[in-house]
Amino acid sequence: MRIGLQIPNFTLGVPDDQLFGAVTELAGAAEGSGFDSVWVMDHFYQLPPLGGPSQPMLEAYTLLGGLAARTNRVRLGTLVTGVTYRNPALLAKIVTTLDVISAGRAILGIGAAWYDVEHEGLGVAFPPVAERMDRLEEAVQICRSMFREELPTFEGRYYQVHEARNLPRPVQPGGPPILIGGGGEKRTLRLVARYADFCNITGGVDTIRHKVGVLREHCEAVGRDPATVTVSVLSTLVLTDSAEETKGTWELLRGAAGDAADSFTVGQEDEVVAHVEELAAAGVDYFIFNMPTSGADAVRRAGELLAPL
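Residues numbered from 1 in each chain as written. Predicted model: local features only at pLDDT ≥ 70, side-chain atom pairs only at ≥ 80, totals over all residues. Heavy atoms only, no water.

A. Inspection of the pattern of salt bridges at higher detail. Enumeration according to the criterion identifies 13 salt bridges in this entry. Notably, a salt bridge pairs R86 with D42, separated by 2.6 Å at the nearest N-O pair. You can see R86 sitting in the loop between β4 (81-82) and α3 (88-101) and its partner D42 sitting in the loop between β2 (37-40) and α2 (60-70), a full 44 residues away along the chain. As far as the burial class goes, R86 and D42 line up, both buried. A salt bridge links R209 to D206; the nearest nitrogen and oxygen atoms lie 3.1 Å apart. Residue R209 and its partner D206 are both found in helix α7 (residues 205-221); the two are separated by three residues, about one turn of the helix. Note on R209: relative accessible area 41%, which makes it partly exposed. Residue class for D206 comes out exposed when judged on its relative accessible area of 61%. Here the residues in one salt-bridge network are D134, E137, R187 and R194, joined through shared partners. (Salt bridge = Lys/Arg side-chain N within 4 Å of Asp/Glu carboxyl O. Helix = DSSP H or I, 4+ residues; strand = E, 2+ residues; numbered from the N terminus. Buried < 20%, exposed > 50% of the residue type's maximum accessible area, 1.4 Å probe, protein only.)

As C-alpha cells, this is what we get:
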C-alpha cells in the first residue's frame, strides 16, 4: 500500500528558527517508517480549522526544496497549488527545479484554489469559479508541455507561452506526475481524465466509490484506461489506544467538522486498517494522511502500521 504524509500546520511548539528542523523531523519520520511521499499545503495563510491567519504558514515550494535536500526517498509535492497563485510557466519551472534538487521525486499537485481570504490579503486576484476552472485547464496543459516538450507554444484565453524553454529538463522521464485535487464531477474529474496522472478526492467510503465511478466514466469518454489514473484520498488520521479514546475523538471531531468528519480515519490500529481496506475496495490506490495533532512518534507508528499492507 502506498501512503503519503501531508504536513498541514506549522504550529509545532518551537521558535521560528527551529521550525524547519521540526518539519524535517516529521518528514524524516515519514520516510523512515515507509511513507511513499510527503506533502505540504500551498497556502499563504493558515486555514480556519487549524487556527486561521494568525498561525504560521511556510511558503510551499521553498519548504519542499529544503525537504528535498534533507530526504532521500520520499516523493514531494503540494496538496495542492492554487492555479491563481503562480503563472503556470513559472510553476512548471519551480516544479522542475524541485525535481532536479530531489533527483526525480517531485509531483505537481494543482487545483482551482478556493481560500478567498488569503487572496484578498496578499492582493492575488480571485476570479469566479468558472474562470478558475478554465485557468486550471490551461495551466495543466502548459505545465505538461513544459515538462515534456523542448519548445512548447500555447495560446489560451488566460495564459500564453511561446517556445518556452525549461532548462534543465526534469529528471523524471515525461516530467513530474500531475495531480489534480478536487472531486467536482462535471469539470474537475473530467480534467483528471484528460490531463492528470493522479486525482485527489475526499469523503466517506460511499462518496469515494461514487467519485471513482464518475472518474471512470470520464476516462471512457476520452478513450483513456482508468487504470492509468492513480486515485488518491486525503484523510485526517488519528490513532487511538482504547474504545473510550476513539469515542471521545469522534465526538470532538464531529462537533468541530460536522459531516466532513466522515472523511476522517479514526480508531485503534485494527479499526484504521479495516477502514483503509474498505476505501481500497472502493477504488482508492493511494492514501495521503495528515496528522495535525501528532508528533514524529505517531507518524512512525502510522507508517509502520499501514505501509506494509
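B. Expanded view of the pairing of strand β12 (residues 286-290). Among the five residues that make up β12, five are buried, leaving the element largely enclosed by the rest of the structure. Burial along β12 is two-sided: Y286, I288 and N290 and F287 and F289, pointing in opposite directions, are all buried. The pairing of strand β1 (residues 2-7) with β12 spans five bridges and is parallel. Among the inter-strand pairings, G4 is bridged to a residue of β12, identified as I288. Direction of pairing for strand β10 (residues 230-239) relative to β12: parallel, over a ladder of five bridges. Bridge assignment links S235 to a residue of β12, and that residue is F289. (Pairing = 2+ DSSP bridges.)

C. Up close: the state of the cysteines. Applying the stated rule across the entire model yields zero disulfides. With no disulfide partner, C219 has as its closest neighbouring cysteine sulfur the one in C199, 8.6 Å distant. (Disulfide = S-S within 2.5 Å.)

D. How the structure looks around α2. For α2, the set of buried residues is A60, Y61, L63, L64, G65, L67 and A68. Lining the buried residues of α2 we find α1 (19-32), β2, β3 (75-78), β4, α3 and β5 (106-111). With a side-chain oxygen positioned 3.1 Å from the backbone nitrogen of Y61, the residue opening α2 is E59. (Contact = heavy atoms within 4.5 Å. Polar contact = N/O pair within 3.5 Å; in protein donor to acceptor, adjacent residues only side chain to side chain.)

E. The arrangement of the pairing of β5 in detail. Counting buried positions along β5 gives six out of six residues, so the element sits mostly inside the fold. Sheet analysis places β3 next to β5, joined by two bridges and oriented parallel. Note on β5: the bridge partner recorded for L76 is A106. Where β4 and β5 come together, two bridges link them in parallel fashion. Bridged to T81 within β5 is I110. Handedness of the β-α-β unit built from β4, α3 and β5 comes out right-handed. Examined bridge by bridge, β5 and strand β8 (residues 178-181) share three bridges and lie parallel to one another. Its bridge partner being in β8, G109 is matched across the sheet by L179. (Right-handed = clockwise from strand over helix to strand, strands pointing away.)

F. The nonpolar core, seen in detail. L108, I110, L136, I180 and L306 are the most contacted members of the largest nonpolar core, which totals 84 residues. The biggest single contributor to this core is helix α5 (residues 129-148), with eight residues. Not counting the four nearest positions on each side in its chain, L108 is found in contact with Y61, L91, V95, C143, F147, P176, P177, I178 and L179. Among the nonpolar cores identified, the runner-up in size contains nine residues, and L79, V80, L179 and L234 belong to it. (Core = buried A, V, L, I, M, F, W, Y, C linked by side-chain atoms within 4.5 Å.)

G. A look at the side chain of T96. Within the element layout of this structure, T96 appears in helix α3. Taking relative accessible area as the criterion, T96 reaches 2% and is therefore assigned buried. Within the local environment of T96, its side chain forms a polar contact with the backbone oxygen of A92, the two atoms lying 2.8 Å apart. Sequence-distant contacts of T96, that is, excluding residues within four places in its chain, are made with F147, N166, P168, R169 and P170.

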